[in-house]
Structures are given as C-alpha cells and as structure tokens.
Amino acid sequence: MVTTTRPSEKTTHKVIGTRPIRPDGVDKVTGRAIYGADVTLPGLLIGKVLRSPFAHARIRNIDTGAAERLPGVRAVITAADLPDPDKGMADVGEASATYRDLSHNVMARDKALYQGHAVAAVAAESASIAEQALALITVDYEPLPPVLDLVEAMKDDAPLLHEDLRTNELGTLSDKPSNIAAHARFLKGDPAAGFAEADVIVERTYTTTMVHQGYIEPHASTAYWNADGKITIWTTTQAPFAIRDNVAVLLNVPVSRVKVIPTEIGGGFGGKLPPYVEPLAAVLSRKSGAPVKMTMSRTEELQASGPTSGSRTHVKIGAKRDGTIVAVEASLAYEAGAFPGSSVRFGSLCMFAPYDIPNMQLDSYDVVVNKPKVAAYRAPGSPAAMFASESALDELAERLGMDPIELRLKNSAKVGTRMANNIPFQHPVGNVKVLEAIRESDHWRSPLPESTETRKIGRGLAMGFWPNAPLKSSCFATVNPDGSVTLVEGNPDIGGTRASLAMQLAETLGIPYEKVIPQVADTETVGYNDATGGSRTTFTGGIAVYELGQDIKQQLIERARILWQLNPEDAIVYEDGTIRGPKEGQQLSFDQLAAQLFKTGGPVVGRASVSPKHVGFAFGCHVVDLAVDIETGKVEILRYTAAQDVGKAVHPSYVEGQIQGGVAQGIGWALNEEYVYDEQGRLVNASFLDYRMPTSLDLPMIETILVEEPHPPHPFGVRGVGEVPIVPPLAAVANAISHALGHRFTDLPISPRRIIETLYP
Amino acid sequence: MRSVKYYAATSWGDAVATLAKYPLAKPLAGGSDLLGWIKDDLVGPKEPRWEILVDLRTIEGASGYRYSQGDGLRIGALTPLSTLETAKEIVENYPMLAKAFAAPASPNIRNVGTLGGNINQRPRCWYLRGPEFSCYKKGGDFCFAVTGMNQYHAILDGELCYIVHPSDTAPALLAFDAKAKIVGPRGEKTVPLSEYFIGPRVDVTRETILAHDELMTEIQVPAPQPGVKTAYFKATNRETYDFAIVNVASWLKIKDNLVEDSRIYLSGVAPTPYRATIVEQTIKGKRIDEALARQAADQQMVRARPMSDNAYKVDIAKALIRRALLEAN
Ligand SMILES: Cc1cc2nc3c(=O)[nH]c(=O)nc-3n(C[C@@H](O)[C@@H](O)[C@H](O)COP(=O)(O)OP(=O)(O)OC[C@H]3O[C@@H](n4cnc5c(N)ncnc54)[C@H](O)[C@@H]3O)c2cc1C
Ligand code: SF4
C-alpha cells in the first residue's frame with residue numbers, strides 16, 4: 001500500500017503513531033467475539049416483526065387473536081402495548097427525532113408510513129413459529145396515495161403524511177399542514193450584490209437517491225424484563241447510553257430501570273444510533289415473562305432501518321475571471337423519510353466550508369416522504385451537498401480554464417474565516433495542506449493513461465468537510481500490582497477505539513501499550529458516554545484518558561511520597577513512566593510502584609469525565625482516475641488517492657482504514673448504490689444482490705496521505721477522522737466521469753444504465 | 001425460515017420416485033438459489049409452498065466430469081461450478097466454457113452452486129423475488145414489470161412475462177451445442193440444450209421442459225473441433241456477485257478466414273437463452289471485420305422491443321455481440 005504520512009513537528013511520542021495489534025483482534029478473527037445475534041439466555045424466545053406492505057396506509061384494525069392462539073406463541077404486541085410519549089427531542093446522534101416520532105417509527109400507531117413499517121410483533125418459542133404467527137395477524141389497512149418524490153412531496157396539494165405537521169419556516173411555525181417539516185437558511189453578506197460582480201456563473205441541479213450504510217451486522221437485540229421491573233438489553237449499538245435513555249422514555253420507565261449491555265458491533269456508520277427492535281423486545285419480554293431476541297434480516301434492514309436521504313440540490317456559484325468566488329446560492333431538499341429530521345442543515349453548512357466566500361445564501365428543506373425515517377450516515381448531510389458544490393466548482397474551474405486545485409487554493413478559508421453560520425474558524429485547519437498534499441502527490445503528477453475509442457479516461461478531484469462532534473466521555477482505570485492498567489470506557493469499538501484509547505493512555509502514563517487493558521462497559525459500569533459517532537471516540541475519549549492519566553499520575557506521586565516518607569512540599573516528578581524523588585537515585589519505575597500500592601493505601605483508581613468545547617474540523621481532498629467503457633457503461637476505478645488532515649494519527653493503520661472505508665462507501669454511492677422504489681413505494685431491490693455495494697474487486701488499493709495539522713486544544717493534536725472520507729468521492733468520481741466523457745453528470749448513481757442513456761439518448 | 005422436510009436421495013431412480021410421489025417435493029442441489037427462494041417464501045396460485053427437499057448431492061456419481069478427445073466432455077449435473085472453472089481439461093479444451101463457469105456470483109456461491117442448479121435456477125425478476133407480488137409467473141394475473149421498474153428486464157421475446165434468463169453457463173453450453181441428459185419415471189433421454197428451455201409463450205410458470213418428476217443428470221459437450229474460435233463476455237453493474245445485464249457466448253467455425261458456421265447466444269436479454277440467428281446469418285460465409293460486426297449486431301437488435309427503462313440494454317447487447325465477433329476473428 002502507498003501511504004505517505006507527514007509527521008507533525010513534535011515527534012516525541014513513544015506509543016502514538018505506532019501500529020500495534022488491536023486488543024479485540026484475536027477474538028474477532030477467531031470468531032469468538034460476541035456480536036448482537038450471538039447472545040443467548042436460558043428460556044430465550046425469538047421475536048419477529050410484522051411489517052406494512054403499504055408505503056402509506058391508515059391502520060383501521062389489527063386482529064392478533066389467531067396468532068395469540070398458535071401453540072408456541074408467547075406474546076403478541078401492537079402499538080397499543082407501547083406508551084405514546086411526548087414531543088421532546090430524542091438523542092439519535094447526528095440526525096434528529098422527537099420521542100413521539102421515535103415511538104411511532106418503532107411501531108406504527110394510526111398510520112403505516114413506509115413499506116416495512118412495523119405494525120405488530122410476536123415472541124415465540126422458535127423463529128419459525130414466530131413467522132407462522134405473523135402470517136396469522138390480520139391488519140385492516142386503508143391504503144393512501146404514497147408520497148415518494150421530493151418535488152411532488154413539497155407541492156401544496158401533495159397528500160400529507162402527517163396531518164398535524166406544519167413547516168418551521170425560518171423559525172416560525174406556519175399555519176398550513178405540509179410535508180415540508182422545516183425551511184432553514186444560512187445567510188452571509190449580500191448574495192445579489194455578489195452575483196452582480198461575477199464574470200462567470202455556474203448553475204445546476206444535482207440529485208442523489210436514498211442509500212444505506214450497509215453495515216455488515218444487522219440490528220440484533222435481546223431484552224429481558226425481569227419480574228422486579230429491571231430491563232436488561234443486550235444490543236449491537238453505537239450508543240448504549242442513548243439507547244438506554246430512549247428506551248426509558250419510549251417505555252415510560254425511569255432510566256435507572258434500564259441497563260444496556262453493548263455487544264461487539266459489526267459496523268454502524270450512524271445507522272446504529274436510534275432504537276429499532278430494542279423497545280419491542282423489551283415489551284415482548286414483559287408480556288411473555290421470558291427473554292426475547294430480535295434480529296433484523298437484510299431485507300428488513302434495507303426497508304426499515306435508517307438509511308440516508310435522497311436529495312435535490314440547486315447550486316449557483318459566481319466568480320470573477322481571476323477565480324475569486326464572489327457569491328454562492330444553494331437550495332437543498334432532503335428526504336427525511338417518514339418523520340422529520342434529515343441532516344439537510346448540516347449539508348448546507350458543510351458545502352462551502354472549505355472556502356472563504358463573502359456572500360452566501362443557503363436554503364435547506366427537510367421533507368417527509370413515505371420512505372424509512374433516515375438516520376445518520378457518516379458525515380450526515382455532507383456527501384450529497386458537497387457532491388453538488390464540488391461538482392459545480394469543478395465546472396467553474398473548467399469554465400475559467402483554471403486548475404481545480406488552484407481555484408480551491410485561491411478561495412481557501414483560513415483561521416478567522418466565517419462559515420455560512422457566521423461562526424469563524426478558531427483553530428488551524430488543514431484545508432490548504434490537503435490540497436497541497438494532492439498537488440505534490442505522485443498521483444496528481446502522473447500522466448493519465450491514453451483513452452481509446454471505447455475506453456475513456458478521466459481524472460477528478462474534490463474536497464470534503466465535516467465539523468466532527470466532541471460531546472461527552474467518561475472513563476476510569478485501575479493500576480494493577482503487575483503494572484498493568486485496566487481501562488474501563490463506554491464506547492462500543494467500531495473502528496479500533498480500544499486500541500486508540502489504550503494508546504493515548506499508555507502515552508500519557510509513559511508505559512507500554514500492551515500494559516493497558518481496555519474494555520467497553522455497560523451503562524451501569526461506567527459513567528455516561530455519548531455515542532461512538534461524530535468521529536469523536538478517539539478525539540474526546542482521548543481527552544478523557546489523558547485526564548484520567550493525569551489523575552493516576554498525581555495519585556502515584558502521592559503514593560511515592562508515602563513510600564519515601566517525603567513532605568508535601570518535596571518535589572516528585574513523574575516522567576516517562578518513572579517517578580523521581582528529590583534525592584539522587586530516588587526513583588521507582590511504574591511497575592515497581594504499582595507492585596507496592598497495596599502497602600500504601602490500596603489500589604490506585606483514576607477517573608475522568610470530559611465535555612470538550614472545541615472540536616477539530618476535518619478536511620479531505622481526493623483525486624481519482626477512472627476509465628469508462630462507453631459501450632457497456634461500466635466505470636473502472638484505476639487509481640484513488642485521499643489526502644486528509646487527521647490532526648495526529650494515533651494508530652496510522654486504523655486511520656488509513658477509516659479513510660479507505662469511507663472512500664469505498666462513497667464510490668458505491670457515486671456509481672451503483674440506490675434505493676429503487678416502484679410507483680407504489682415498494683422497495684424492489686431490498687437485498688445485497690440488487691442493492692449493489694462495491695466489492696473488493698470494484699476498488700483499487702486506495703492510497704492515503706495523512707496530513708497532520710495538529711488540533712491545538714487536544715493534548716495530542718487529534719482531530720476526528722472517521723466521517724469526512726465519505727464526502728469527496730461522490731463529486732470526485734462524477735468530475736472524473738464528466739472529464740472522461742465531456743458531459744456533466746449531475747444525478748447519482750452514475751450506473752451503466754445512466755451512462756449509456758446519457759451517451760445514446 | 002419455515003421448516004421443511006429433507007430427504008437424501010440414494011439414486012436417480014430414488015429421487016425421481018420421491019418426486020413422483022410427493023407433489024410438494026423439490027430437487028435440491030447446492031441450494032444457493034432454492035434455499036433463498038424458500039426463505040423468502042415465494043408462493044402463489046401456481047407456485048406451491050415446497051415441503052420436502054430431495055437432495056441430489058447424495059446420489060453417487062452425480063458429481064464429476066470426464067473428458068475424452070473422441071467423446072468430448074460429460075459433466076455430472078451436481079458438479080460444483082468451482083470444480084469446473086479450474087478443471088485442466090476444460091481450461092485447455094474449452095477455455096470459453098471455463099470462463100462461463102467462473103462467471104456466476106462469487107467464489108463462495110460457486111463452491112456450493114452446481115452446474116445443474118445453474119441451468120435450472122429460477123429467474124431473478126425483483127417482483128418475482130418479492131413475496132408481496134403475485135405475478136403471472138407465480139400464477140397471479142399481473143406482470144408488475146410492464147408498468148413498474150423494468151431496467152433489468154427482457155428486451156427480446158418478452159410476452160406476458162419479461163424475465164431474463166439468469167444463467168451465465170447456459171449461453172456458453174448452447175454455443176457448444178451441448179445436450180442434457182434427463183431422467184424421469186419413464187427412463188432416460190437426451191435432448192439438445194437448444195430444446196431444453198421454454199418461454200412464457202409456452203408456459204409462463206416454468207422455464208424448462210422438465211416435468212415435476214424429471215431431473216437433469218448430465219451435460220454433454222461435443223468434442224472440440226479444429227478451426228473454432230470462441231468468445232464470452234458478461235456485462236455487469238459491478239465486478240463480481242452480480243447477474244449479467246447482458247452476456248454473450250459465441251462459437252465460430254472459421255475456414256480460410258471465412259465464417260463457415262456459428263452459434264451465438266445471449267443471456268440476460270430474453271426469457272430463455274437467446275440465439276442471435278440474424279447475426280449468424282449475416283456473418284455466414286463472410287470475413288468478420290468491424291463493419292460486418294456492427295451491421296450484424298445492429299440487424300439483430302432491430303428485433304428488440306425495449307420497455308420504459310431498459311433500452312440501454314440494447315446498446316450493451318450490440319456492443320457485446322460486436323466484441324464477441326471481433327474477438328473470435
Ligand atoms: C447472490 C447470488 C448471486 C448469483 N449470481 C449469479 C450469476 O451471476 N450468474 C448465474 O448464472 N447465477 C447466479 N446465481 C445463481 C446461483 O444460485 C447459481 O449460479 C448456482 O449455480 C445454482 O446452483 P445450486 O446447485 O445451488 O442450485 P439450487 O439452488 O440447489 O437449485 C436451483 C434450482 O434448480 C433445480 N435443480 C437443481 N439441480 C437440478 C437438477 N439436477 N435437475 C433438475 N432441477 C435441478 C432446483 O430444484 C432449484 O429449483 C447467484 C445466486 C446468488 C444467491
Ligand atoms: S416479468 Fe415475469 S416474473 Fe417478473 S413480474 Fe412480470 S410476470 Fe412476474
């Protein structure tokens with residue numbers, strides 16, 4: 001693999017920047033790790049969900065009698081078995097939802113709002129009995145016209161999903177019901193005046209379709225509602241604490257009654273933030289008195305979990321002949337799915353964030369349609385928005401006859417530049433450095449292969465931005481007599497965070513990485529932790545383990561003081577894992593002191609709880625070379641290089657893995673992935689055969705360039721790395737195809753069909 | 001998945017007798033297609049809910065292949081595709097067949113998927129594969145593809161039902177003029193593969209001539225002939241784990257640079273493997289060049305009747321035909 005790491009100035013680290021093996025690695029490669037569906041308990045029942053065949057229908061009546069009478073069936077539930085919570089805002093990560101919507105999404109109440117919407121659930125002694133029972137439930141539906149298209153949904157006379165939904169129009173609630181949940185705007189400067197100065201204007205509309213995160217492990221949860229009222233939930237989730245809190249509200253029980261035990265997790269990408277089967281398994285368990293396990297099939301995942309929005313974005317950019325961008329305007333509409341709360345505002349905030357543009361008006365519309373309620377998906381909102389903005393910039397560069405990197409450098413944001421929301425960049429950012437890194441890369445300097453008559457070659461470039469989220473982390477650790485440190489933290493390990501947190505703690509304490517034994521705890525064992533999401537775990541968790549390390553160091557100093565019988569004012573220093581007293585030769589290694597802790601007052605337990613205010617923004621710049629077979633429409637990715645400002649790569653291999661994974665998903669989004677609904681709102685490609693994610697054979701080895709512009713407020717300069725790499729590939733691939741074929745592609749996916757239909761209309 | 005009964009057949013006769021006795025019994029080979037079908041519970045007025053799986057893999061001698069210069073190739077229907085794609089005799093004597101055997105799905109599916117199962121697999125229309133759609137093929141009274149999403153449906157020979165034949169191996173075997181050995185209650189027979197597949201015009205609920213209690217036991221491929229040039233192309237959306245948008249297998253007998261005889265078959269375009277007879281007629285006795293290849297492909301596709309979303313397949317089919325002809329040149 002080609003990897004270029006540009007080390008930051010300070011290279012004094014011993015652990016950070018190395019590539020040790022992950023603590024959970026052996027269990028995962030030998031199949032011993034316990035994932036969601038592996039959980040088993042005595043007397044376990046299997047739960048299954050009955051789902052609406054209609055995209056939009058009123059539920060007149062549900063008859064569960066025959067299902068209840070089937071031998072082996074132990075409980076049947078409908079929405080009537082769930083409380084109807086209020087409209088407070090739930091924590092579902094980087095998307096949003098009210099508790100009521102969350103509850104109605106988990107189980108349809110009066111209306112089924114998308115194909116696959118849960119309407120009833122069964123717990124039985126076997127999966128096959130549960131399936132038979134589902135077939136015995138009769139639901140009396142009144143089918144309603146489905147609303148599937150963004151443009152149609154926004155029309156005044158469109159059928160309504162929610163009769164009580166009123167548009168939040170720039171902050172005030174309008175009085176007419178609508179499918180537009182919100183219209184928001186970022187306004188900076190005077191766009192009209194800006195456009196008046198422009199010599200060149202590029203204006204186009206771009207669309208993307210709904211796509212899924214495609215995590216390999218489907219949702220799987222087991223719940224046991226004990227006779228004493230205690231609810232224990234084993235589940236595959238990015239957010240055990242948010243699941244705990246959401247389930248408590250959805251079931252109307254105090255938080256203290258719910259304990260969530262996160263299992264190992266096979267991917268999430270934002271899709272494992274909201275609850276789906278957890279509350280249902282709990283209610284089935286209460287009704288049956290036995291533990292209930294529920295796993296979703298791939299079809300259920302695609303139909304009824306939380307994919308990301310399809311979108312329609314209109315962009316207008318005005319520039320002077322020398323490439324100075326004077327104004328931008330954009331209008332973004334995102335599908336929220338069945339309930340309000342897409343990431344469209346994030347999208348509008350991100351789309352021009354790498355640039356210093358004096359005049360901007362960015363309007364965003366959150367629109368409900370009869371499709372599954374969207375959830376977060378890796379840099380939620382940004383990929384579709386920056387597909388539009390970075391495609392338009394590429395076209396602008398072409399129109400100006402300017403190099404696309406020079407155009408971006410000319411307009412680069414710097415410290416002090418205000419984003420569309422008028423908040424200035426406060427800390428150094430790597431937007432310029434990633435552009436320069438690509439400009440200097442072997443890839444950018446290498447000539448393209450020659451096109452042939454049927455195989456057209458193109459190169460495309462695009463940037464990506466994502467602000468990342470800091471949020472809250474807490475943890476504790478015990479120093480053991482053998483000099484090891486047991487770290488207890490609360491973030492499910494998706495991308496190697498046991499390793500990255502253990503490394504930062506080892507670095508802080510000046511001890512070897514192998515001496516830190518990290519574990520992910522349940523919600524009753526460790527303090528509150530926000531989700532593994534927002535590219536925050538290595539970032540905020542890193543600050544937490546750093547603080548924790550300071551706490552341990554301070555306590556160790558005090559223990560040494562006891563051993564050496566020193567006074568409080570005597571100077572003791574802790575450096576590189578060694579504790580030194582004021583006298584010549586008075587020193588103890590970490591291990592030596594650890595062995596004597598029980599003589600000096602018992603074990604040392606350190607703790608930390610942090611909620612950092614600052615977060616390091618993430619920028620990436622990607623370049624792709626590809627070949628288009630103009631007779632079959634097939635696109636072959638020839639070479640791909642991603643440069644990203646990672647602040648400080650704690651474990652470079654895992655950082656590269658995050659970048660490569662994001663690029664793979666972005667390429668899938670660009671070329672093949674799409675939700676195909678028929679005119680009645682039925683998802684016809686609800687399988688991994690027909691919903692085509694790229695395979696290893698569809699991708700070359702993705703080259704990475706790790707640029708390290710440290711984020712000063714972080715003790716090690718870390719910034720989040722996990723999300724932004726999915727942002728640039730959409731536009732980079734589209735720009736490359738546009739250059740290869742001499743035609744602008746503005747609608748994703750750019751599948752063989754789209755290419756052939758465009759070339760031979 | 002609902003529970004089904006499993007029966008391990010001991011011989012072809014045993015398997016046939018079991019099928020004859022139980023109308024709800026179904027032959028099972030690798031199961032890579034059939035088990036998914038049953039899991040998805042695809043039933044309809046004319047598509048029964050299968051209750052007994054009759055495993056053919058337990059029949060001795062049902063798997064394996066033999067090759068001799070005089071006799072050609074004989075392949076047991078239960079032979080996994082992965083065995084065939086790497087078999088030395090096949091790679092050396094029928095390179096185009098080896099390519100076709102390596103084309104379906106992914107290595108793990110080809111490890112369990114058999115040749116018989118590949119030829120006899122059910123079509124992949126996404127309405128057919130959706131439990132909620134009771135279409136003509138399942139005995140219902142509607143074809144959802146006509147008014148619905150038909151980007152992967154037939155551009156040729158559709159009528160009532162617009163499935164495309166899904167098998168990657170069938171067009172290649174047909175191009176070699178292979179035969180199928182069939183066993184049934186009245187004994188064995190051998191039929192040319194070209195008479196094996198039936199379209200919706202004959203019976204919309206079936207894809208082959210096999211009766212409920214008949215089985216394919218063997219595929220016979222004639223010995224390779226001198227002067228034959230072959231080619232195989234599969235166009236897909238993604239590199240692997242994907243059915244063909246179009247695929248083409250060609251067999252051309254060339255003498256003194258002129259086409260003496262040819263067989264050209266396409267999958268993915270029509271309800272049965274589609275023989276490009278117009279191409280064959282156009283090139284007969286001629287020397288293939290770019291212009292002739294283009295003319296032949298264009299004339300063949302004049303026959304195409306694309307639907308709302310699948311006209312692009314006509315262009316791809318033309319391109320693959322041209323490539324197959326020029327590669328064989
Ligand atoms: C994800 C996926 C991708 C795929 N991609 C492709 C592809 O790209 N190209 C392609 O060609 N195929 C593809 N397939 C189809 C794949 O199932 C076949 O290629 C495989 O060869 C079928 O063999 P099998 O032994 O598993 O068949 P089974 O599933 O056991 O049987 C299939 C059908 O044939 C019948 N049958 C089996 N053997 C006999 C026999 N001897 N006589 C009579 N009837 C018989 C069975 O009753 C059943 O109806 C794909 C399948 C999947 C699941
Ligand atoms: S094309 Fe055939 S299988 Fe598909 S919906 Fe129509 S009738 Fe059914």
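Residues numbered from 1 in each chain as written. Chains lettered and ligands numbered in written order. Predicted model: local features only at pLDDT ≥ 70, side-chain atom pairs only at ≥ 80, totals over all residues. Heavy atoms only, no water.

Let us now look at the overall build of chain B. Counting its secondary structure elements, chain B contains 12 helices and 12 strands. For 329 residues, the compact-globule formula gives about 20 Å, and the C-alpha radius of gyration of chain B, at 19 Å, lands near that figure. Its C-alpha atoms put chain B at 60 × 50 × 35 Å along the principal axes. For chain B, the residues scored as buried account for 57% of the 329 residues in total. (Helix = DSSP H or I, 4+ residues; strand = E, 2+ residues; numbered from the N terminus. Rg over C-alpha atoms; globule rule 2.2 N^0.38 Å. Buried < 20%, exposed > 50% of the residue type's maximum accessible area, 1.4 Å probe, protein only.)

What follows covers helix H18 (residues 652-671) of chain A. Taking 1.5 Å of rise per residue, the 20 residues of H18 of chain A would be expected to cover 28 Å, and the 28 Å separating its terminal C-alpha atoms lies within 8% of that figure. Taken across its 20 residues, H18 of chain A has 16 buried, putting it largely inside the fold. (Expected span 1.5 Å × (residues − 1).)

All names here are of chain A. The three strands are arranged S25-S26-S27 in an open sheet whose pairing can be described as antiparallel. In the strand order of this sheet, the two ends are held by strand S25 (573-575) and strand S27 (587-589), each with one partner. Taken pair by pair, the neighbouring strands of this sheet meet at an average axis angle of 20°, ignoring direction. Direction of pairing for S25 relative to strand S26 (residues 578-580): antiparallel, over a ladder of three bridges. (Pairing = 2+ DSSP bridges. Axes fitted to C-alpha atoms, helices over the stretch in contact; angles between N-to-C directions.)

With that settled, consider the pattern of salt bridges. Residues and elements named next belong to chain A. The final tally for this structure, using the stated rule, is 75 salt bridges over all chains. For Asp493, the salt bridge goes to Arg22, with nearest N and O atoms at 3.9 Å. Of this pair, Asp493 sits in the loop between strand S23 (485-489) and helix H15 (497-509) while Arg22 sits in the loop between strand S1 (3-6) and helix H1 (25-29), placing them 471 residues apart in sequence. The class of Asp493 is buried, set by a relative accessible area of 2%. (Salt bridge = Lys/Arg side-chain N within 4 Å of Asp/Glu carboxyl O.)

Glancing now at empty space enclosed by the protein. Residue and element names in this part refer to chain B. Within the structure shown, the criterion is met by seven cavities of 30 Å³ or more. Its boundaries defined by the atoms lining it, the largest cavity holds a volume of some 290 Å³. In this structure, the largest cavity is lined by 20 residues; those nearest its centre are Arg124, Tyr152, Val164, Phe243 and Ala244. Taken together, the residues of the lining of the largest cavity sort by class into 11 nonpolar, four polar and five charged. Roughly 100 Å³ of volume is contained in the second largest cavity. In terms of lining, the second largest cavity is formed by 15 residues, of which the most central are Cys125, Cys135, Cys143, Cys161 and Ile163. (1 Å grid on protein atoms, 1.4 Å probe; cavity = no way out; pocket = protein on both sides within 12 Å on 5 of 7 lines; lining within 4 Å. Points joined across faces, edges and corners; volume = space filled by probe spheres on them. Nonpolar A, V, L, I, M, F, W, Y, C, P; charged D, E, K, R; others polar.)

The next thing to look at is unusual backbone geometry. Backbone torsion omega between Leu748 of chain A and Pro749 of chain A reads -5°, so that peptide bond is classified as cis. Phi is positive for Phe269 of chain A, which is not a glycine, with a value near 55°. In the Ramachandran plot, Asp157 of chain B falls in the positive-phi region, its phi being about 65° despite a non-glycine side chain. With respect to the helices, strands and loops of the structure, Asp157 of chain B is situated in the loop between helix H8 (144-147) and helix H9 (169-175). The class for Asp157 of chain B is partly exposed, based on a relative accessible area of 41%.

Before going further, it helps to spend a moment on the site of ligand 2. Residue and element names in this part refer to chain B. Lining the immediate surroundings of ligand 2 are 13 residues, of which Cys125, Cys135, Cys143, Cys161 and Tyr162 lie closest. Spatially, ligand 2 is embedded in the second largest cavity. Of the residues belonging to the shell around ligand 2, the class tally is 11 nonpolar, one polar and one charged. (Near = heavy atom within 4 Å. Sits in = over half its atoms within 2 Å of the grid points.)

Looking now at the domain arrangement of chain A. Residue and element names in this part refer to chain A. On domain assignment, one finds that chain A holds domain 1 (146-426) and domain 2 (473-610). The distance between the C-alpha centroids of domain 1 and domain 2 comes to 38 Å. Taken together, the contact between domain 1 and domain 2 spans 20 residues of the former and 17 residues of the latter. At the boundary of domain 1 with domain 2, total buried surface from both sides reaches about 1,300 Å², with 60% on carbon and sulfur atoms. Across the pair Arg498 and Glu264 runs a salt bridge, and its minimum N-O distance is 2.6 Å. There are four residue pairs in polar contact (both at pLDDT 80 or more) connecting domain 1 and domain 2. Looking at the side of domain 1 that touches domain 2, the elements that each hand over two or more residues are helix H7 (240-251) and strand S16 (258-262). (Domains from an automatic or database assignment. Contact = heavy atoms within 4.5 Å. Buried area = accessible area lost by both parts, 1.4 Å probe. Polar contact = N/O pair within 3.5 Å; in protein donor to acceptor, adjacent residues only side chain to side chain.)

This paragraph deals with helix H19 (residues 728-741) of chain A. In an α-helix, one turn spans 3.6 residues, which is why side chains three or four residues apart end up on the same side. Residue and element names in this part refer to chain A. Taking 1.5 Å as the rise per residue, H19 with 14 residues should run 20 Å; its terminal C-alpha atoms sit 20 Å apart, in good agreement. A large share of H19 lies buried, amounting to 13 of its 14 residues. Directly after H19, the chain includes Gly742, whose backbone phi takes a positive value near 65°.

With that settled, consider the interface of chain A and chain B. By a widely used convention, the size of an interface equals the accessible area lost when the partners come together. In this assembly, 31 residues from chain A lie in contact with 33 residues from chain B. Buried area between chain A and chain B, both sides added, is near 2,800 Å², and the carbon and sulfur share of it is 53%. Inspection of the region where chain A meets chain B yields six salt bridges. Here Glu631 of chain A ties to Arg322 of chain B by a salt bridge, and the two come within 2.7 Å at their closest N and O atoms. The interface formed by chain A and chain B holds 12 residue pairs in polar contact (both at pLDDT 80 or more) in total. Elements that contribute at least two residues to the side of chain A that touches chain B include exactly helix H4 (127-136) and helix H20 (752-759) of chain A. Counting residues per element, the side of chain A that touches chain B draws most heavily on H20 of chain A, at four residues. For the side of chain A that touches chain B, the class distribution of residues is 11 nonpolar, eight polar and 12 charged.

All names here are of chain B. This structure, assessed with the given rule, holds 20 aromatic pairs over all chains. Taken together, a centroid distance of 5.4 Å and an interplanar angle of 75° make the contact between Trp126 and Tyr152 edge-to-face. Note that Trp126 is positioned in the loop between helix H7 (115-120) and H8 and Tyr152 in the loop between H8 and H9, a separation of 26 residues in sequence. Look at Tyr152 and you get partly exposed, because its relative accessible area is 23%. Judged by centre distance (4.9 Å) and plane angle (90°), the rings of Tyr127 and Phe133 are edge-to-face. For the pair Tyr127 and Phe133, a shared accessibility class is recorded, and that class is buried. (Phe/Tyr/Trp six-rings, centres within 6.5 Å; stacked < 30°, edge-to-face > 60°.)

Near ligand 1, the surroundings consist of 33 residues, among which Pro27, Gly30, Gly31, Ser32 and Thr114 of chain B are the closest. More than one chain approaches ligand 1, the contributing ones being chains A and B. Contact distances for ligand 1 include 2.5 Å between an oxygen atom and a backbone N or O atom of Pro27 of chain B. The side chain of Asn118 of chain B places a nitrogen or oxygen atom 2.7 Å from an oxygen atom of ligand 1. Summarising the interface, the protein chains cover 96% of the accessible area of ligand 1, which totals 980 Å² for the free molecule. Of all the secondary structure elements, the ones that give two or more residues to the shell around ligand 1 are strand S2 (25-28), H7 and strand S8 (215-221) of chain B. (Areas by Shrake-Rupley, 256 points an atom, 1.4 Å probe, with all protein chains shown as cover.)

So, about the pairing of S2 of chain B. All names here are of chain B. In this structure, S2 lies alongside strand S3 (residues 52-55), joined through four bridges in parallel fashion. Looking across to S3, one finds that Lys26 is bridged to Leu53. For the handedness criterion, the β-α-β arrangement of S2, helix H2 (residues 34-39) and S3 is classed as right-handed. (Right-handed = clockwise from strand over helix to strand, strands pointing away.)

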